[in-house]
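Inside the fold
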Amino acid sequence: MSRKASKPIIVAGSINLESKDNVVKIKGPKGELSIKVLEGIEVKIEPGLVHVNRKDDSYKPIQGLIWSLLNNAVTGVSEGFSKTLMVVGKGWRSTVKGDNINLQVGYSHPVDVKLPQGVTATQKNPGQFTLYSHDKQLLGQVCANIQAIRPVEPYKLKGIRIEGQYLRQKVRKTAGV
């Protein structure tokens, strides 16, 4: 049995789970999510616990996947997720206005990013802002889209990065003496 999926998912009292037609709907104080359960996987909902079981060993990887998706959904609707992005570069800055992020990152024009529904942002300082969402997949995709505007270059490490992201700086080329 999958190591993680062998353990039940603990559900807080404020979260409502409902399973119908291979779709599990999770409602909580932060929002609502639905997870499609693939064939061969059975989800048992008990008060305070969720068990993910499989029909046979050929569904072992899918069991772990469904368990992780359900666990992330339960965590998201109860606590939520956040990621902090940093804009690193001389004269580069970001501005958050409602659901728009204005980035000035070395182009001849500012770049505006409209946040999708379910994602909010707060500004810490001109070079740092934090994104919040109850959907971990959506939050990760929005962060990846923003990073793609100005990826981190390997020599000076200028660009848009996620706080805590490991970066390795390359040594510049020197004249062969």
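The structure we're discussing is the one just above.
The following refers to the structure shown. Every value quoted in this text rests on a predicted model; they were computed, and no experiment measured them.

Right, let's get into the environment of Ser14. Checked against the element boundaries, Ser14 lands in the loop between strand S1 (9-10) and strand S2 (16-20). Ser14 sits 38 residues away from Val52 along the chain, and the two C-alpha atoms are 21 Å apart. Every residue in contact with Ser14, bar those within four places of it in the chain, is listed here: Lys27, Gly28 and Pro29.

Leu85, Ile101, Leu103, Phe129, Leu131, Ile146 and Ile160 are the most contacted members of the largest nonpolar core, which has 22 residues in total. Contributions of two or more residues to this core are made by strand S7 (81-88), strand S9 (100-104), strand S10 (111-114), strand S11 (119-125), strand S12 (128-133), helix H2 (136-147) and strand S13 (159-162). Here the element with the most residues in this core is H2; it accounts for four residues. When sequence neighbours within four positions are dropped, the list of residues in contact with Ile146 reads Leu85, Ile101, Leu103, Val113, Phe129, Leu131 and Ile160. Among the nonpolar cores identified, the runner-up in size contains 20 residues, and Val11, Ile35, Val52 and Val77 belong to it.

The rules behind each value
Per chain, residue numbering runs from 1 following the sequence as it is written. Whole-chain, interface and lining totals are the exception, using all residues; otherwise, since this is a predicted model, local features are given only for residues with pLDDT of at least 70 and side-chain atom pairs are given and counted only at 80 or more. Each side-chain value is worked out from all heavy atoms of the structure, with water and hydrogens disregarded. Secondary structure follows DSSP: runs of H or I at least 4 residues long count as helices, runs of E at least 2 residues long count as strands, and numbering of each begins at the N terminus. The contact rule is simple, with two residues in contact once any of their heavy atoms fall within 4.5 Å. To define a nonpolar core, start from buried Ala, Val, Leu, Ile, Met, Phe, Trp, Tyr and Cys residues and group those joined through side-chain atoms within 4.5 Å. Each residue is assigned to one of three classes by its accessible area relative to the maximum for its type, calculated with a 1.4 Å probe on protein chains only: buried under 20%, partly exposed between the two thresholds, exposed over 50%.

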